[in-house]
Amino acid sequence: MLIPAIASFTEVKAVQAGQVMYLMGTDAAGDVKLLASADGNAWNEVALPDGVTRAGVSVAAWGDTCAVYDGSAIHITDDPATWGITVPDVALTSLLGGGNGEIYALNAEGKIM
């Protein structure tokens, strides 16, 4: 399904994980949304993990993996339907990306971790 509301998103970030493109943004109501597409035309909303709110949300990807940071934990998935690993109690400013099995993020002091 094409979601026309994408054009009204703010704070938008797109990442590619394997054959899936993820687009995260804040909709007109102020809610964080994560969308997935295999072709860039048909977009489906991905259910975010419990606890993901407006504050501190960011997204990063590497290989086939997508990660979402919710302000206190990192949630990781290899498919848009399920969330697997959760890394709790993490103090970051945002996720930057990943590669070689590592997640790169910015901490409150402005240092890359």
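The structure displayed is predicted, hence computed values, not measured ones. (Residues numbered from 1 in each chain as written. Predicted model: local features only at pLDDT ≥ 70, side-chain atom pairs only at ≥ 80, totals over all residues. Heavy atoms only, no water.)

Participant: Mind showing me how you'd approach the pattern of salt bridges here?
Facilitator: Working definition: two side chains of opposite charge can pair if their charged atoms are close together. The full count for this structure, using the stated rule, is one salt bridge. With a shortest N-O distance of 3.4 Å, K33 and E45 are connected by a salt bridge. Of this pair, K33 sits in strand β3 (residues 32-37) while E45 sits in strand β4 (residues 44-46), and the two are 12 residues apart along the sequence. (Salt bridge = Lys/Arg side-chain N within 4 Å of Asp/Glu carboxyl O. Helix = DSSP H or I, 4+ residues; strand = E, 2+ residues; numbered from the N terminus.)

Participant: Is there a simple way to explain the pairing of strand β6 (residues 65-70) in this structure?
Facilitator: Remember that side chains alternate between the two faces of the sheet whenever the strand is regular. By the criterion of burial, β6 is predominantly enclosed, with six of the six residues buried. Residues T65, A67 and Y69 line one face of β6 and the alternating positions C66, V68 and D70 line the opposite face, and both faces are buried. Sheet analysis places strand β5 (residues 57-62) next to β6, joined by six bridges and oriented antiparallel. Within β6, the residue paired with S58 across the bridge is Y69. Where β5 folds back on β6, the antiparallel hairpin that results is connected by two residues, among which G63 adopts a positive phi of roughly 55°. If you look at the hairpin formed by β6 and strand β7 (residues 74-77), you'll find three residues sitting between the two strands, and G71 has a positive phi there, around 100°. (Buried < 20%, exposed > 50% of the residue type's maximum accessible area, 1.4 Å probe, protein only. Pairing = 2+ DSSP bridges.)

Participant: What is the right way to look at the sheet that holds β7 in this model?
Facilitator: Sheets are built from strands paired through backbone hydrogen bonds, the pairs being either parallel or antiparallel. Taking strand neighbours across the sheet as the criterion, the four strands line up as β5-β6-β7-β8 in an open arrangement whose pairing is antiparallel. Two strands lie at the open edges of the sheet, namely β5 and β8 (86-87), each paired on one side alone. One ladder, built from two bridges, connects β7 with β8; its direction is antiparallel. Counted as the bridge partner of H75 is T86 from β8.

Participant: Before we go on, may I ask you to explain the nonpolar core in this structure?
Facilitator: For soluble globular proteins, nonpolar side chains are generally found buried alongside one another. Of all hydrophobic cores here, the largest spans 16 residues; its most connected members are Y22, M24, L34, V46, V57, V59 and V68. Where this core is concerned, the elements lending two or more residues are β1 (10-17), β2 (20-26), β3, β5 and β6. M24 has contacts with E11, V12, K13, V32, K33, L34, L48, V57, S58, V59 and V68, leaving out every residue within four places of it along the chain. Counting 10 residues, the second largest nonpolar core, distinct from the first, contains A67, I74, I76 and L92. (Core = buried A, V, L, I, M, F, W, Y, C linked by side-chain atoms within 4.5 Å. Contact = heavy atoms within 4.5 Å.)

By themselves, these are just geometric observations and shouldn't be taken as functional.
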